[in-house]
Amino acid sequence: SQQGEEDPQALSIQEGENATMNCSYKTSINNLQWYRQNSGRGLVHLILIRSNEREKHSGRLRVTLDTSKKSSSLLITASRAADTASYFCATDEIQAGTALIFGKGTTLSVSS
Amino acid sequence: GAGVSQSPRYKVAKRGQDVALRCDPISGHVSLFWYQQALGQGPEFLTYFQNEAQLDKSGLPSDRFFAERPEGSVSTLKIQRTQQEDSAVYLCASSPGPMWGYTFGSGTRLTVV
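We now turn to the structure provided with this report. These figures come from a predicted structure and were not determined experimentally.

Here is what the cut-offs are and how they apply
Residues numbered from 1 in each chain as written. Chains lettered and ligands numbered in written order. Predicted model: local features only at pLDDT ≥ 70, side-chain atom pairs only at ≥ 80, totals over all residues. Heavy atoms only, no water. Pairing = 2+ DSSP bridges. Helix = DSSP H or I, 4+ residues; strand = E, 2+ residues; numbered from the N terminus. Axes fitted to C-alpha atoms, helices over the stretch in contact; angles between N-to-C directions. Contact = heavy atoms within 4.5 Å. Salt bridge = Lys/Arg side-chain N within 4 Å of Asp/Glu carboxyl O. Polar contact = N/O pair within 3.5 Å; in protein donor to acceptor, adjacent residues only side chain to side chain. Core = buried A, V, L, I, M, F, W, Y, C linked by side-chain atoms within 4.5 Å. Buried < 20%, exposed > 50% of the residue type's maximum accessible area, 1.4 Å probe, protein only.

Thoughts on the sheet that holds strand E3 (residues 19-24) of chain A
Residues and elements named next belong to chain A.
Reasoning step 1: If you trace the five strands from one edge of the open sheet to the other, you get E1-E3-E8-E7-E6, paired in antiparallel fashion. The open sheet terminates on both sides in strands that have one partner only, identified here as strand E1 (5-7) and strand E6 (55-58). Adjacent strand axes in the sheet meet at a mean angle of 15° when their direction is disregarded.

Focus on the interface of chain A and chain B
Reasoning step 1: Facing 23 residues of chain A, the contacting portion of chain B comprises 19 residues.
Reasoning step 2: At the boundary of chain A with chain B, the tally comes to zero salt bridges.
Reasoning step 3: Where chain A touches chain B, the interface holds five residue pairs in polar contact (both at pLDDT 80 or more).
Reasoning step 4: For the side of chain A that touches chain B, the elements supplying multiple residues, two or more each, are strand E4 (29-37), strand E5 (43-50) and strand E9 (85-93) of chain A.

Observations regarding the sheet that holds strand E7 (residues 65-68) of chain B
Residue and element names in this part refer to chain B.
Reasoning step 1: If you walk across this open sheet you meet the four strands as E1-E3-E8-E7, and the pairing is antiparallel. Only two strands of the sheet have a single partner each, and these edge strands are strand E1 (5-7) and E7. Across the sheet, the mean angle separating the axes of adjacent strands is 15° when strand polarity is ignored.
Reasoning step 2: The sheet contact formed by E1 and strand E3 (residues 19-24) spans three bridges and is antiparallel.

Here's the deal with the nonpolar core
Reasoning step 1: If you look at the biggest cluster of nonpolar residues, it comprises 22 residues, and the most contacted ones within it are Leu-32, Trp-34, Leu-74, Ile-76, Tyr-87 and Leu-108 of chain A.
Reasoning step 2: Excluding its chain neighbours within four sequence positions, the residues that come into contact with Ile-76 of chain A are Glu-17, Asn-18, Ala-19, Met-21, Arg-60, Leu-61, Asp-83, Tyr-87 and Leu-108 of chain A.
Reasoning step 3: Core analysis: the next-biggest nonpolar cluster, separate from the first, contains 20 residues, Ile-26, Leu-32, Leu-60 and Tyr-90 of chain B among them.

Digging into the pattern of salt bridges
Reasoning step 1: Evaluated as defined, the whole model comprises six salt bridges over all chains.
Reasoning step 2: The partner of Arg-62 of chain A in a salt bridge is Glu-55 of chain A, with the nearest N and O atoms 3.1 Å apart.
Reasoning step 3: When its relative accessible area of 40% is taken as the criterion, Glu-55 of chain A is described as partly exposed.
Reasoning step 4: Between Glu-68 of chain B and Lys-78 of chain B there is a salt bridge, with the nearest N and O atoms lying 3.4 Å from each other. Of this pair, Glu-68 of chain B sits in strand E7 while Lys-78 of chain B sits in strand E8 (residues 75-79), placing them ten residues apart in sequence.
Reasoning step 5: Residue Lys-78 of chain B is classed as partly exposed on the basis of its relative accessible area of 33%.

Here it is in structure tokens:
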């Protein structure tokens, strides 16, 4: 089963534009994480935001978390062709001893 | 090692054949996870180890799937009597513990013919 739902499913933008992806989830969480996956490769951890945090930055990435709406967003600023990948949100449910549950992902295409 | 290593990278199995997929996690990582990823989908949880203890195997799709981590480091995912619906990428990840991100391997792409 998948906890998170990313929106949109696919996003196409030009280099230099910003890309925003959203994630909604269902249960209470300890933290929410975002991962990137290039075609045919494993997932790469991008950023972790804890349930008591509202916003976090890492380089060109900005993540927000709204626990009252059970939603998160990932903003990539000044996108580059190399940002082309699938992006997944994953939630760590508050119940102890569980593994991350991933959404279905957003496929981002950045054209030069 | 520097990262999570999975082998083989690709595996083609005839229907009914048994397969074993190996995962070498990052040294010292307590937690190890197996996921199954179908084309165009997100990773689906299979099972989770903390050291050698299998804490959760609720995601294993059938009793043909079996995972072990006998010494708390290397893990093997075994699939018996493979079926076509088992075709997928099998991803292994490790983590130092709760509240940390996961480091994923490149996966094993299993094709059952």
